[in-house]
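Inside the fold
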Amino acid sequence: MNKHKLLIKPIKSQQTLSLRHMVLRPHQTLEDCVYPNDDDDNSFHLGGFLDLNEEQQLIGILSVYYQPHALWPNENSQWRLRGMAILPEMQSMGYGSQLVLAAIETIQNRGGGRLWMNAREPACLFYSRLGFNKAGERFELKGIGPHWIKQRLIKPV
């Protein structure tokens, strides 16, 4: 586990791009790291900061979009988690869990609903530990690899 408490705060979509590029899409362009709906009114982005070298350093990010999935056609409140990334040297220290739990709290405060994502296969155990379940079948995203839909219901506060 980590030695430092992560400072989690809202960030702009542009602040996610360098980590998205470095961790999630290193073989693509920076422009490919701009996602549709990044700047929608209901979207939000969280950054995780650590006090390193006497300044706050962004070490983790995630984005959440108010976006339905075809698996749940009759549900109104569906949120999609996308672009979760932690600096490689900071992974497996609990910071990713802190970010996801902060996103869940934000969704609770916005009335709850279902949080879902296209989870890379190696990340499935991480999300399972946070209460997410698989939905649907395994699928391949070209150039990225095998994925599963993971989902979790979130009750309002």
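Parameters at a glance
- Residues numbered from 1 in each chain as written.
- Predicted model: local features only at pLDDT ≥ 70, side-chain atom pairs only at ≥ 80, totals over all residues.
- Heavy atoms only, no water.
- Helix = DSSP H or I, 4+ residues; strand = E, 2+ residues; numbered from the N terminus.
- Rg over C-alpha atoms; globule rule 2.2 N^0.38 Å.
- Buried < 20%, exposed > 50% of the residue type's maximum accessible area, 1.4 Å probe, protein only.
- Contact = heavy atoms within 4.5 Å.
- Areas by Shrake-Rupley, 256 points an atom, 1.4 Å probe, with all protein chains shown as cover.
- Lys, Arg positive; Asp, Glu negative; His and termini not counted.
- Charge placed at Lys NZ, Arg CZ, Asp CG, Glu CD.
- Core = buried A, V, L, I, M, F, W, Y, C linked by side-chain atoms within 4.5 Å.
- Arc of directions from axis to C-beta.
- Pairing = 2+ DSSP bridges.
- Axes fitted to C-alpha atoms, helices over the stretch in contact; angles between N-to-C directions.
- Salt bridge = Lys/Arg side-chain N within 4 Å of Asp/Glu carboxyl O.

Right, let's get into the overall build of the protein. Secondary structure assignment for the protein yields three helices and seven strands. Scaling as 2.2 N^0.38, a compact globule of 157 residues should have a C-alpha radius of gyration of about 15 Å, and the protein matches this with 15 Å. A principal-axis box enclosing the C-alpha atoms of the protein has dimensions of 50 × 40 × 30 Å. Among the 157 residues that make up the protein, the fraction classed as buried is 44%. Here the analysis covers contacts within the protein between residues at least 6 apart in sequence; of these, 64% occur between residues at least 24 apart. Accessible surface, the protein: about 8900 Å² in total, of which carbon and sulfur atoms supply 50%. Of the side-chain charges in the protein, 18 are positive and 15 negative, and the distance between the mean point of each set is 7 Å.

Among the nonpolar cores identified, the biggest contains 39 residues, and I59, L62, V100 and L115 are the most heavily contacted of them. Looking at this core, the elements with two or more residues in it are α1 (17–24), β2 (44–52), β3 (55–66), β4 (78–86), α2 (95–109), β5 (113–120), α3 (124–129) and β7 (145–154). Residues in contact with I59, not counting those within four places in the same chain, are L6, L19, G48, L50, L52, A85, I86, L87, M90 and Y95.

Time to look at the environment of Q108. Tracing the backbone shows Q108 in helix α2. We classify Q108 as partly exposed; its relative accessible area is 29%. C-alpha separation for the pair Q108 and P156, spaced 48 residues apart in sequence, amounts to 4.3 Å.

For the rest of this paragraph, the subject is α1. Taken as a whole, α1 has its buried residues at L17, L19, R20 and L24. Relative to the axis of α1, the buried residues are bounded by an arc of 165° and lie together on one face. In this structure, the buried side of α1 is in contact with β2, β3, β4 and β5.

Another point: the sheet that holds β4. The strand order across the open sheet built from seven strands is β1-β2-β3-β4-β5-β7-β6, with neighbouring strands paired in mixed fashion. At either margin of the open sheet sits one strand with a lone partner, and together these are β1 (7–11) and β6 (133–141). Taken pair by pair, the neighbouring strands of this sheet meet at an average axis angle of 25°, ignoring direction. In this fold α2 packs onto β1, β2, β3, β4, β5 and β7, with an angle of close to 140° to the strand it touches most, β2.

This paragraph deals with the pairing of β2. Counting buried positions over the nine residues of β2 gives eight, a clear majority of the element. Examined bridge by bridge, β1 and β2 share five bridges and lie antiparallel to one another. Opposite I8, over in β2, you have G48 as the bridge partner. Adjacent in sequence and paired antiparallel, β2 and β3 are bridged by two residues, among which N53 carries a positive phi angle near 55°.

What follows concerns the pattern of salt bridges. A full pass over the atoms with the stated rule returns three salt bridges. D38 is the salt-bridge partner of R20, the closest N and O atoms lying 2.9 Å from each other. In this pair, R20 sits in helix α1 while D38 sits in the loop between α1 and β2, placing the two residues 18 residues apart along the sequence. For the pair R20 and D38, a shared accessibility class is recorded, and that class is buried. Between E75 and R114 there is a salt bridge whose closest N-O contact spans 2.4 Å. Linking E75 in the loop between β3 and β4 with R114 in strand β5, this pair joins segments that are 39 residues apart in sequence. With a relative accessible area of 7%, R114 lands in the buried category.

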